4 protein chains.
Amino acid sequence: MSFNTFGKMFRFTTWGESHGPAIGCVVDGCPPNIALSQKDIQIDMNRRRPGKSKFTSQRKESDKVEILSGVFQGKTTGTPISMIIYNTDARSRDYESIKDKFRPGHADYTYFKKYGIRDYRGGGRQSARETASRVAAGAIAKKVLQNKIGKKFKVIGAVIQLGLLGCNVKNWKDKEIQKNPFFCPDKSVIKLWEKYLLGVRKSGSSCGAMIEIRASGIPIGLGAPIYSKLDADIAAALMSINAVKGVNIGSGMYSALLSGLENSDEIRRKGKKTLFQSNNAGGILGGISSGQDIIASFAVKPTSSILLNRKTINKKGKNTEISVKGRHDPCVGIRAVPIGEAMMNCVLLDHYLMNKAQCK
Amino acid sequence: MSFNTFGKMFRFTTWGESHGPAIGCVVDGCPPNIALSQKDIQIDMNRRRPGKSKFTSQRKESDKVEILSGVFQGKTTGTPISMIIYNTDARSRDYESIKDKFRPGHADYTYFKKYGIRDYRGGGRQSARETASRVAAGAIAKKVLQNKIGKKFKVIGAVIQLGLLGCNVKNWKDKEIQKNPFFCPDKSVIKLWEKYLLGVRKSGSSCGAMIEIRASGIPIGLGAPIYSKLDADIAAALMSINAVKGVNIGSGMYSALLSGLENSDEIRRKGKKTLFQSNNAGGILGGISSGQDIIASFAVKPTSSILLNRKTINKKGKNTEISVKGRHDPCVGIRAVPIGEAMMNCVLLDHYLMNKAQCK
Amino acid sequence: MSFNTFGKMFRFTTWGESHGPAIGCVVDGCPPNIALSQKDIQIDMNRRRPGKSKFTSQRKESDKVEILSGVFQGKTTGTPISMIIYNTDARSRDYESIKDKFRPGHADYTYFKKYGIRDYRGGGRQSARETASRVAAGAIAKKVLQNKIGKKFKVIGAVIQLGLLGCNVKNWKDKEIQKNPFFCPDKSVIKLWEKYLLGVRKSGSSCGAMIEIRASGIPIGLGAPIYSKLDADIAAALMSINAVKGVNIGSGMYSALLSGLENSDEIRRKGKKTLFQSNNAGGILGGISSGQDIIASFAVKPTSSILLNRKTINKKGKNTEISVKGRHDPCVGIRAVPIGEAMMNCVLLDHYLMNKAQCK
Amino acid sequence: MSFNTFGKMFRFTTWGESHGPAIGCVVDGCPPNIALSQKDIQIDMNRRRPGKSKFTSQRKESDKVEILSGVFQGKTTGTPISMIIYNTDARSRDYESIKDKFRPGHADYTYFKKYGIRDYRGGGRQSARETASRVAAGAIAKKVLQNKIGKKFKVIGAVIQLGLLGCNVKNWKDKEIQKNPFFCPDKSVIKLWEKYLLGVRKSGSSCGAMIEIRASGIPIGLGAPIYSKLDADIAAALMSINAVKGVNIGSGMYSALLSGLENSDEIRRKGKKTLFQSNNAGGILGGISSGQDIIASFAVKPTSSILLNRKTINKKGKNTEISVKGRHDPCVGIRAVPIGEAMMNCVLLDHYLMNKAQCK
């Protein structure tokens, strides 16, 4: 990972600003001879794109991805796969009023102080629009993993906490997730969440969220000591998503409260299967996958662009106030689900390839 | 970060097993002409080493570090600094009984499955003994940052939750931390913690902990989009520490529960100073340091080696039980404080140098 | 350097196939606030592009580069600069006849054997067309170096050997180079070269070339021990150019023939200037720039696509023959001059930034 | 490759100064379960070490390597292999007289200017003593490749030009190389070389050399576009060796003089074998191994430390003269043979693993 490139063996580099002509992604190190079409990628792009419900930004981006290289006659060639997504509904006017003010909670201030220049339109490079590129990369990683591991491989994410409202994770149903606009896995809370989020939006404020990503069918042995631990790379991957402030693996922060007796997952053998009796470890021991489901969760802070007045300063260092217009998600965490899945897919493929190199 | 190497510009590579002849560390990319002595490093080594109180492992390691290269006439030369720490009190006998069994909660199973071979003595490479090398690297990073940034620079950590018991973070006193065996910053809870931990040990079990690391005096502008965000690198650094399962930046997981109004830190100007009105962001906006204190916390799971019986399997795949003898910390989280500080120092210096390269 | 990415701090990733819709390049780690326009890049693109004289391929590519990100209001922002160059004159028909045959001297055979699939049209990813992307990256590196170092900074290359014909390097005139279609620095040989190359082309064969790149105004101290030596990185950079088979630094291979007395460059001080009495070292000692001109040269093998019949095999492993139609340079080495300059610029900027990080 | 670390998947980091307590090497990413003993490494160490004949430095170093980690019960464990070699015959006195003078042809001047400090004793980090660490790493790489590829795998190097004297490469006999102190493959010239080198030494000067490295039994498909080409990595690897100024792959610089008809290696099929009719490509096409022998050669400049007087300046910038005492090789190129082999082994294994990751 360096600057705008993620990964070691399966690597992708993203580029582009929110209101520039386009954004995009170059995927490198992809295994050859994997069937790949534009459609394979578009499906996930559509899951992330804004404007699909009243609970997300009304910016209308088709997020149509074009493949420019690396695929020949429907198959990957092992050379870089370049993808481009044109920005079609950028309204830079919306941002004129804030070009000299730093929005609290955003990276306006730090970008300006670091670089001495910033593309303020729509947040420029800091915009969550960059995450569309990740979803494109993740879709390719998923395709490769499906090809290599087979049908048992699956990565799926869901929102498990919407602001102050949780859900019952034991009610998690994969199928339910795509049926509601919140990526919520628990049918029983959806009505409540809907009402709650409408209230949040009406108040002119916003709320945070917690997302859980589950990966199943993962081979034992992915990950490597000491600074390429699978969980360390997942943590970096998830923390690199805009607005993410915390990452848990398995029991996560909660494991601090457990006793040694409760926490360590006992192991049993049943026929030819190794079965863990619990999964506090989130499927990772010593940085290496154990064959259990990999469970990671992360917190997305509430959208910082809100209609309410906030104190801030301007470029000249004067005190001022700001309330952000434009089109914003009342809860950016919702659309983080396909992004979290994408990052998980990329980390898993990266480690799959590294493990293949060293150990298989 | 790749395998056993951490960092981009300031890089260190660690090596060694718990019961091998020695462990060590090679620091590369260190700026030249920085005063550095063995003592500078030993101070931090002593803070981490076991056997200092009844609340940590009774393994008696002097953890004396020797510098083998990269320092000439008391100053760094810009070439690799190699450090070695001999293992002097390894009792491999203790581990004979478990060489064919996988300890639950440890990486025994995953290492064996991944590599087909493992040095079972004291956990081999998976042992937390590796973290001594990190502390050595971190001590050098700290020295360099003190030289470059000056006296205002400070990184300090503390245990803020010991198993089920918290402390009042508002009572945090830096000086208090070194006065008690728990690295606890809040004097008022120490007696309680002591009693609690003795109870845990007596029960033959163990407990987890939460550690908070605070960095002050950090220049604005450290960190880089998108996959070298300062918080993403901190997350990876902390998650790479043995037994860590969760990482928070600022309000962390808790930020999911905040409203947009509560969460974004308002900005004010007072004279020549920019002052944030709160620090939910933990000093990082868009992956770049804002000049506020950087606050990160992490959870350490309870020690997996406990005296109580646990179900597991052996190398042949047979069901069996295990209770771990040997000398273990009732709470490994305690000694994680200097390790967390070391990782923070390394990440900060790494980004300090990268920012200098691109932007200064 | 990894797969399709070059550089450590100043990094670029290229993508695209000869007959795909476009090729391109993402430049990352570029310092902010550097004035940069499309024109700055186009100038160098035009020096490399084919179809300009009867001595280069007649493929007519305008090689118009578009900047898609990373530049705002005429200045770099420190975020990735994505550039795209559309392929406009690809004639894939020309390649139908060879899609199942491996052209000797080309990478057809090795790509097919490695990946099991290849885009045979125009050589796909193996095509020298990829080098257009390098020239775009190099133009940016040059702009930054001019900004940081000032007017004394200069990188210029020339063809010093065309097939069997050399030139007198002592006659080298920078201005002369752009006046002739051979990038020849010695006016006195141009007519001879012209006649010679027409003969080569007429014969249906091709010839090789040697190119020398000179960099002046380079600060002392660029480069780093041991595996980031400036000359090691220059060697990799030049050897990565298509058809390059040898690289010399300073006296290069010839230094094997010198005595110690002849070879080591004596040093003198004149006023405030350090003056070397010769430059066998090519401006690099111990992998670090000495302040002298950096001199590197490289050999480009003759174009492998020739009109004459060559023995080869096909995909099925049958013996066959091939003579390559299509539009080819009689000497690919000629157009390698701006490419060599570009790579030199990129390596120098990369090391400039790394030196700034560690030592300034 | 970064600073003192070489490689992508199979990585090694070297450290240590010529007259410090020790030098060493950490090998990371090594496949597990490969039989490895100290002896395996010592054999190659002995081939490189000085003091074995009157034609090399009289410094008497046993170069005994110790393995400190990463090997358990005679097999690699997949964790870092740390090796240490103590310096036993350093005579720093010899260097007192030159501590303030810059030896021409050495890196004294550039190290001092870059870092502002240098360990002048024996050249410190710039010393060719560092290459002992590479030989240790290369010995491990060789062991792994022998295990993975089998008996047909072989890397062997020889001196093919000693100063002004060449040899007949067609007389190359592998067995001959170890029988003479010059690593010369052609029996017929040894007497001549001996007489010549004695003359060189007697004159107080030194001479250069050319070394050729041949690798056979290499699978098709090693190497990767575009900036990880096998030949680009070999070029960097060889150019990173002290005193190397030029690198050729196959016909190398000479290929500039060939016609397209002569240069491209025709391909034939005979039974189940693909046979190239010549090997101008040096076994690499488009950066990828073709299955032919890989042939690389490099030039080592003459030893810069000579007994004769040379003009130079001192640390204060005053003109002065220097003649170097101490113990030096009349031709450092001779001992470069096992070093070149070591680097070739490391590059090949690195690419073997990368190819396994992406393509197998």
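Parameters at a glance
- Residues numbered from 1 in each chain as written.
- Chains lettered and ligands numbered in written order.
- Predicted model: local features only at pLDDT ≥ 70, side-chain atom pairs only at ≥ 80, totals over all residues.
- Heavy atoms only, no water.
- Pairing = 2+ DSSP bridges.
- Helix = DSSP H or I, 4+ residues; strand = E, 2+ residues; numbered from the N terminus.
- Contact = heavy atoms within 4.5 Å.
- Axes fitted to C-alpha atoms, helices over the stretch in contact; angles between N-to-C directions.
- Least-squares fit on C-alpha atoms with pLDDT ≥ 70 in both.
- Buried area = accessible area lost by both parts, 1.4 Å probe.
- Salt bridge = Lys/Arg side-chain N within 4 Å of Asp/Glu carboxyl O.
- Polar contact = N/O pair within 3.5 Å; in protein donor to acceptor, adjacent residues only side chain to side chain.
- Buried < 20%, exposed > 50% of the residue type's maximum accessible area, 1.4 Å probe, protein only.
- Nonpolar A, V, L, I, M, F, W, Y, C, P; charged D, E, K, R; others polar.

Novice: Sorry, what's going on with the sheet that holds strand 8 (residues 154–162) of chain C here?
Specialist: Taken together, the 10 strands give an open sheet; going across it, the order is 9(C)-8(C)-10(C)-16(C)-11(C)-11(D)-16(D)-10(D)-8(D)-9(D), and neighbouring strands pair in antiparallel fashion. On the outer flanks of this sheet lie strand 9 (165–166) of chain C together with strand 9 (165–166) of chain D, each paired with one strand and no other. Of the pairings in the sheet, the one linking strand 8 (residues 154–162) of chain D to strand 9 of chain D comprises 2 bridges and is antiparallel in character. Within strand 9 of chain D, the position partnered with Gln161(D) by the bridge is Gly166(D). Lying over the sheet, helix 6 (residues 190–202) of chain D contacts strand 8 and strand 9 of chain D, oriented at roughly 60° with respect to strand 8 of chain D.

Novice: What am I meant to see in the relation of the copies chain A and chain C here?
Specialist: These two copies of the chain differ by a rotation about an axis and a displacement along the same axis. By a simple turn and slide, chain A fits onto chain C: the slide is 0.0 Å along the axis, the RMSD is 0.0 Å, and the turn is 180°. What the rotation and shift describe, once combined, is the action of a two-fold rotation axis.

Novice: How should I be thinking about the relation of the copies chain B and chain A in this particular structure?
Specialist: Of the two same-sequence chains, chain B is brought onto chain A (RMSD 0.0 Å, axial shift 0.0 Å) by a rotation of 180°. Comparing contact sets, 100% of the residues at the interface of chain B also lie at the interface in chain A, consistent with an isologous, same-surface contact.

Novice: For this particular structure, what's the right way to read the interface of chain B and chain A?
Specialist: Frequently, the measure chosen for interface size is the accessible area removed from exposure when the parts meet. Opposite the 103 residues of chain B that make contact, chain A presents 103 residues. Across the interface of chain B and chain A, roughly 8,500 Å² is buried in total on both sides, 60% from carbon and sulfur atoms. For Arg310(B), the salt bridge identified is with Glu266(A), shortest N-O distance 3.6 Å. Here chain B is connected to chain A by 55 residue pairs in polar contact (both at pLDDT 80 or more). As defined by bridge partners, strand 11 (residues 244–249) of chain A adjoins strand 11 (residues 244–249) of chain B across 3 bridges and the pair is classed as antiparallel. Counterpart to Gly246(A) in the pairing with strand 11 of chain B is Asn248(B).

Novice: Is there a simple way to think about the side chain of Thr79(A) in this case?
Specialist: Counting through the fold element by element, Thr79(A) comes out in the loop between strand 6 (75–76) and strand 7 (81–86). Given a relative accessible area of 3%, Thr79(A) falls into the buried group. At 2.9 Å, the side chain of Thr79(A) forms a polar contact with the side chain of Glu17(C). Beyond its immediate chain neighbours, meaning those up to four positions away, Thr79(A) contacts Val27(A), Gly70(A), Glu17(C), Tyr111(C) and Arg125(C).

Novice: I tried to follow the pairing of strand 16 (residues 294–300) of chain C on my own but got confused; where do I start?
Specialist: The side chains of a regular strand alternate between the sheet's two faces. All names here are of chain C. Among the 7 residues that make up strand 16, 7 are buried, leaving the element largely enclosed by the rest of the structure. What you see with strand 16 is no split at all: Ile 294, Ala 296, Phe 298 and Val 300 on one side and Ile 295, Ser 297 and Ala 299 on the other are buried throughout. Where strand 10 (residues 209–216) lies against strand 16, 7 bridges are found, and the strand directions are antiparallel. Bridge pairing in strand 16 links Glu 212 to Ser 297. Bridge count for strand 11 (residues 244–249) against strand 16 is 5 bridges, and the pairing is antiparallel. Each bridged residue has a counterpart across the sheet, and for Val 244 the counterpart in strand 16 is Val 300.

Novice: Would you explain the interface of chain A and chain C in this entry?
Specialist: With 42 residues of chain A at the interface, the matching set in chain C holds 42 residues. Carbon and sulfur atoms supply 64% of the area buried between chain A and chain C, which totals about 3,300 Å² over both sides. Remark: the boundary between chain A and chain C carries 0 salt bridges. In this structure, the connection of chain A to chain C is made through 11 residue pairs in polar contact (both at pLDDT 80 or more). Where the side of chain A that touches chain C is concerned, the elements lending two or more residues are strand 2 (11–16), strand 3 (22–28), strand 6, strand 7 and helix 3 (108–115) of chain A. A total of 5 residues in the side of chain A that touches chain C trace back to one element, the largest contributor, which is strand 2 of chain A. Across the side of chain A that touches chain C, the residue classes tally to 16 nonpolar, 17 polar and 9 charged.

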